[in-house]
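Coordinate analysis (summary)
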Amino acid sequence: MSGPGRVTLAMTGASGVQYGLRLLDCLVQEEREVHFLISKAAQLVVATETDVSLPAKPQAMQAFLTEYTGATPGQIRVFGKEDWLAPPASGSGAPSAMVVVPCSTGTLSAIATGACNNLIERAADVALKERRQLILVPREAPFSSIHLENMLKLSNLGAVILPASPGFYQQPQSIDDLVDFVVARILNQLGIPQDMLPRWGEHHLVSNEDE
Ligand SMILES: Cc1cc2nc3c(=O)[nH]c(=O)nc-3n(C[C@H](O)[C@H](O)[C@H](O)COP(=O)(O)O)c2cc1C
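Residue numbers run consecutively from 1 along every chain, following the written order of its sequence. For a predicted model such as this one, the threshold for reporting local features is a pLDDT of at least 70, and the threshold for listing and counting side-chain atom pairs is 80 or more; totals across whole chains, interfaces and linings nevertheless cover every residue. Only hydrogens and water are removed before side-chain values are computed, so all heavy atoms of the structure are retained for them.

Going by the annotation in an unreviewed UniProt entry, the name recorded for the protein is Flavin prenyltransferase UbiX, with Azomonas macrocytogenes given as the source organism. UniProt positions are given in the numbering used here, feature names are shortened, and annotations may be inferred rather than shown by experiment. In the Catalytic activity (unreviewed entry) part of its UniProt record, the protein is described as follows: "dimethylallyl phosphate + FMNH2 = prenylated FMNH2 + phosphate".

Both the distance between ring centres and the angle between the ring planes are used here to describe each pair of aromatic rings. Within 6.5 Å between ring centres, the rings of Phe, Tyr and Trp (the latter by its six-membered ring) count as paired, and their orientation is classed by plane angle as stacked under 30 degrees, edge-to-face over 60, tilted in between. Within this structure, the stated rule accounts for 2 aromatic pairs. With 5.7 Å between their ring centres and 15 degrees between their planes, F64 and Y68 make a pair best called stacked. Residue F64 and its partner Y68 are both found in helix α3 (residues 58-69); the two are separated by 4 residues, about one turn of the helix. Partly exposed residues are those whose accessible area sits between 20% and 50% of the maximum for their type, while under 20% is buried and over 50% is exposed, using a 1.4 Å probe and protein chains only. Of the residues examined, Y68 reaches a relative accessible area of 44% and is grouped as partly exposed. Judged by centre distance (5.6 Å) and plane angle (75 degrees), the rings of Y169 and F181 are edge-to-face. One end of the pair, Y169, is in the loop between β6 (160-161) and α7 (175-190); the other, F181, is in helix α7, with 12 residues separating them in the sequence. Judged by its relative accessible area of 7%, F181 falls in the buried class. Numbering goes from the N terminus for both helices and strands, where a helix is a DSSP run of H or I of at least four residues and a strand is a run of E of at least two.

This next bit is on the UniProt feature "binding site: dimethylallyl phosphate" (unreviewed entry) in the protein. Here the UniProt feature "binding site: dimethylallyl phosphate" (unreviewed entry) sits at Y169 and R185. Taking the farthest pair of C-alpha atoms as the criterion, the annotated set spanning 17 residues converges on one region, since that pair is 14.1 Å apart. Take Y169: its relative accessible area is 42%, and that puts it in the partly exposed class. Setting aside anything within four residues of it in sequence, one finds Y169 in contact with F181, R185 and W200. For R185, the position within the fold is in helix α7. If near-sequence neighbours (up to four positions away) are discounted, R185 is found in contact with L162, Y169 and L197. Polar contacts, as counted here, are pairs of nitrogen or oxygen atoms within 3.5 Å of one another; within protein the pair requires one atom able to donate a hydrogen and one able to accept it, and residues that are adjacent in sequence qualify only if both atoms are side-chain atoms. Only 2.5 Å separates the side chain of R185 from the side chain of Y169, close enough to count as a polar contact. Note on contacts: a residue pair is in contact if any heavy atoms of the two residues lie within 4.5 Å.

Turning to helix α2 (residues 40-49), its buried residues number three or more, namely A42, Q43, V45 and V46. Considered in projection along α2, the buried side chains sweep an arc of 160 degrees and stay on one side of the axis. For α2, exposure combined with an orientation more than 90 degrees from the buried face picks out K40, L44, A47 and T48. Structurally, α2 contributes buried residues whose contacts are with β1 (6-11), α1 (17-29), β2 (33-38) and α3. This arc corresponds to the set of directions leading from the helix axis out to the C-beta atoms.

Think of it this way: DSSP has to see at least two bridges between two strands before they count as a pair. Reading across the sheet, the 6 strands line up as β3-β2-β1-β4-β5-β6 and stay open at both edges, with parallel pairing between neighbours. Edge positions in the sheet fall to β3 (76-78) and β6, since each of these pairs with one other strand and no more. Relative to strand β4 (residues 97-103), β1 is paired through 4 bridges, and the arrangement is parallel. In the sheet register, L9 faces β4, and the bridge partner there is V99. Axis definition: a line fitted to C-alpha atoms, over the contacting stretch in the case of helices. Angles run 0 to 180 degrees between N-to-C directions. Packed on one face of the sheet, α3 meets β2 and β3 and runs near 155 degrees to β3.

Looking now at the site of the ligand. Taken together, 13 residues surround the ligand, and among them G13, S39, S104, T107 and R139 come closest. A distance of 2.8 Å separates an oxygen atom of the ligand from a polar backbone atom of T105. One of the side-chain nitrogen or oxygen atoms of T107 is found 2.5 Å away from an oxygen atom of the ligand. Surface exposure here means Shrake-Rupley accessible area, sampled with a 1.4 Å probe, where a residue is shielded only by the protein chains that are shown. Contact with the protein chains hides 65% of the accessible area of the ligand, taken as 640 Å² for the molecule alone. Looking at the shell around the ligand, the elements with two or more residues in it are α2 and α4 (105-113). For the shell around the ligand, the element with the highest residue contribution is α2, accounting for 3 residues. Nearness of a residue to a molecule or strand requires only that one of the residue's heavy atoms be within 4 Å of it.

Counted residue by residue, β2 has 5 buried out of 6 residues, so it is predominantly covered. As judged from the 6 bridges shared by β1 and β2, these two strands associate in the parallel manner. Pairing of R6 across the sheet is with E33, part of β2. Of the crossover connections in this fold, the one passing from β1 over α1 to the parallel β2 is right-handed. Classification remark: right-handed applies to a crossover when, strands pointing away from the viewer, the course from the first strand over the helix to the second runs clockwise.

Here it is as structure tokens:
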């Protein structure tokens, strides 16, 4: 298996919750264990941007997401925002990569300052201090100097800033294609196989072979 066996996936209240839900789906299909965290604001965005009726309580949400993605029992674990005994809350917990997608500018700021006021912020803080993979997918337009400074600070600390800005060179035909563009980039970062987006140069090699 290439890439991490376990991923902490946090969804926060920026637009683009589709990216987080699709990543969850892909991680399940690739047989990864997922520790799923979601902020209150992200739940509101899910209700606003999708038809998904996500239950509010962690246990009910876990059962719902397990069925929604076709995960095996126990493959997805959902933890509440003050579940300080959850594995992602401590550096001594089993290591995992962490992705915050979408990442609100509020959570970006909290991670940049080490606030640790909820489990998402704490888990990201743990990822930074343990030098583990941390991928942040911010979405805002335009960015203020505060956002940009926070991103630079986190990038210098080793986090990957992967903005939710799909490219168009694959000639997307649908919103799903745009979502997959960003999710494929996240999976590439994690080293998890994906066939949604050819890696740059692969098309070129094929067309050269055709000549
Ligand atoms: C429908 C909706 C869309 C939002 N879009 C964004 C966004 O694109 N980027 C952002 O940084 N915040 C956005 N917000 C505001 C955040 O949700 C808000 O700042 C919240 O406090 C973030 O909390 P969290 O980081 O705990 O999720 C949006 C809120 C709503 C309700």
